[in-house]
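# Architecture at a glance
Listed below are the residues making up each chain.
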Amino acid sequence: MAVPLHQALRVGAYVVKQHLLGRKRYPLVLMLEPLFRCNLACAGCGKIDYPAEILNQRLSVAECLEAVDECGAPVVVIAGGEPLLHKELDEVVRGVIARKKFVIVCTNALLLEKKMHLFQPNKYFSWSVHLDGNREDHDRSVCQEGVYDRAVAAIARAKAAGFRTIINATLFDGADPDRMAKFFDDVMAMGIDGISVSPGYAYERAPDQQHFLNRRRTKELFRGIFAREKREKGKRRWAFNQSSLFLDFLAGNRTYHCTPWGNPTRTYFGWQRPCYLLGEGYTRTFKELMETTEWDKYGTGNYEKCADCMVHCGYEATAVTEAIRKPWEMARVEMRGIRTEGPMAADIPLDGQRPAEYVFSRHVERAMEKLKHGKPGHLADAAD
């Protein structure tokens, strides 16, 4: 596992404290989206399908730091859109670090070399560069040639400058286990500090709807990849920036229920419910999000849109909680490795799930109406 020891200890102590306080639901990672605009248009992305008037909006530095304080999660992931398009992102990062929160900035790296001088290496700070595979696979995923080479060059610059730098890879149907294993070898050879990996979520607004993985295919794919990771001197060859139990879940060896409150999301619209992937309502405050969201209406087995989801923002918090409650389980996976053969754990039945609701257009219309009248658009959907 590539998570730094000081971070693992801080997060572990935080989780233990929540359990001792008897809290059933608590945030682990704040997903902060200060803007939706991006300088790429990936076919599998469902995050940027907004009118220009909304894409031009930004959360202010004060709003971003207010969300960090309000939520209280020990880790802040800044995503988007492309966060480096935010002209005050460096101020946001410094504010998060000053609060001794671990901050990870997700970026496609097209602006990383240009903007890197605005940031300083710090034990609380990491870059997370988007790479979905080798040159051919990644450039196809982001629908633009040359992006892989620019991202790799930026990674080299970031590492040379002393920044902790990881990559995040989203896998879709058609990913080949042999190619992905070679890709993981290649990025480790670049000197990166860790790999975050996840199956893609079937965004309803993504241009490409043909290449999302179902749960069975996800498990088969990850078993195929992990089976190709030969250990060296008893140690894993690939350093993952994720819990071993989450990786074991991806390989079909664990039955987990989604814990969407573990990764609450703050966007221009407000606090997004239920999660980073689904915008089905917004609240003005984090407290309102936690107390008024009907959590049992969401997740695999509960909602049609969640049927095939195995994404980290829904299940990593579940895995971390189990690791704290049952540390022997994580130790066993660490020592023996991820099982890639034999029967899979029982999956959650879908016969009781409620049908999907499609509300995106209504949210956009209400936000546009607010903007037209000069009112804060990020409160447009707060009264759902």
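Residues numbered from 1 in each chain as written. Predicted model: local features only at pLDDT ≥ 70, side-chain atom pairs only at ≥ 80, totals over all residues. Heavy atoms only, no water.

## Looking at the environment of Ala151
Relative to the helices and strands, Ala151 is located in helix 7 (residues 147-160). Owing to a relative accessible area of 0%, Ala151 belongs among the buried residues under this scheme. Sequence-wise, Ala151 and Gly252 are 101 residues apart; in three dimensions their C-alpha atoms are separated by 31 Å. Setting aside residues no more than four positions away along its own chain, Ala151 makes contact with Asn108, Ala109, Val129 and Leu131. (Helix = DSSP H or I, 4+ residues; strand = E, 2+ residues; numbered from the N terminus. Buried < 20%, exposed > 50% of the residue type's maximum accessible area, 1.4 Å probe, protein only. Contact = heavy atoms within 4.5 Å.)

## A look at the sheet that holds strand 8 (residues 270-274)
Spatially, nine strands are ordered 6-5-4-3-2-1-7-8-9 in an open sheet, and the strand pairing comes out mixed. Edge positions in the sheet fall to strand 6 (194-199) and strand 9 (279-283), since each of these pairs with one other strand and no more. On average, each strand axis in the sheet is tilted by 30° relative to the strand beside it, whichever way the strands run. For strand 1 (residues 29-32) and strand 7 (residues 265-267), the ladder comprises two bridges, and the chain directions are parallel. Residue pairing across strands places Leu32 opposite Arg266, the latter belonging to strand 7. Against the sheet, helix 3 (residues 61-71) engages strand 1, strand 2 (75-78), strand 7 and strand 8, with an angle of about 160° to strand 1. (Pairing = 2+ DSSP bridges. Axes fitted to C-alpha atoms, helices over the stretch in contact; angles between N-to-C directions.)

## Examining the side chain of Thr107
Inspection of the secondary structure puts Thr107 in strand 3 (residues 102-107). By relative accessible area, which is 2% here, Thr107 ends up buried. Polar contacts involving the side chain of Thr107 include one to the side chain of Glu82, which spans 3.0 Å. Only 2.9 Å separates the side chain of Thr107 from the backbone nitrogen of Ala109, close enough to count as a polar contact. For Thr107, the residues in contact, after removing those within four places along its chain, are Glu82, Leu84, Trp127, Ser128, Val129 and His130. (Polar contact = N/O pair within 3.5 Å; in protein donor to acceptor, adjacent residues only side chain to side chain.)

## Some points on the environment of Glu220
With respect to the helices and strands, the residue Glu220 is situated in helix 9 (residues 215-226). A sequence separation of 124 residues divides Glu220 from Val96, and the C-alpha atoms of the two residues are 38 Å apart.

## Let's talk about the pattern of salt bridges
Taken as a whole and assessed by the stated rule, the structure comprises 24 salt bridges. Note that Glu229 and Arg236 form a salt bridge whose closest N and O atoms lie 2.7 Å from each other. Across the pair, Arg236 and Glu229 agree in class, each one buried. Across the pair Lys305 and Glu280 runs a salt bridge whose closest N-O atoms are separated by 2.8 Å. Of this pair, Lys305 sits in the loop between helix 11 (286-292) and helix 12 (312-325) while Glu280 sits in strand 9, and the two are 25 residues apart along the sequence. (Salt bridge = Lys/Arg side-chain N within 4 Å of Asp/Glu carboxyl O.)

## Some details on the packing of helix 1 (residues 5-20) against helix 12
The relative placement of two packed helices comes down to the angle between their axes together with the axis-to-axis distance. With their axes 10 Å apart at the nearest point, helix 1 and helix 12 run at an angle of 80° to one another. Accordingly, the angle class assigned to the pair helix 1 and helix 12 is roughly perpendicular. Across the interface between the two elements, Gly12, Val15, Val16 and His19 from helix 1 touch Val320, Thr321, Ile324 and Arg325 from helix 12. Residues of the contact of helix 1 with helix 12, tallied by class, amount to four nonpolar, three polar and one charged. (Parallel < 35°, antiparallel > 145°, perpendicular 65-115°, else oblique. Nonpolar A, V, L, I, M, F, W, Y, C, P; charged D, E, K, R; others polar.)

## Some remarks on empty space enclosed by the protein
Counted under the stated rule, the structure contains six cavities of 30 Å³ or more. For the second largest cavity, the calculated volume is near 100 Å³. Lining the second largest cavity are 14 residues, and of these Cys258, Cys275, Leu278, Cys306 and Cys309 sit closest to its centre. (1 Å grid on protein atoms, 1.4 Å probe; cavity = no way out; pocket = protein on both sides within 12 Å on 5 of 7 lines; lining within 4 Å. Points joined across faces, edges and corners; volume = space filled by probe spheres on them.)

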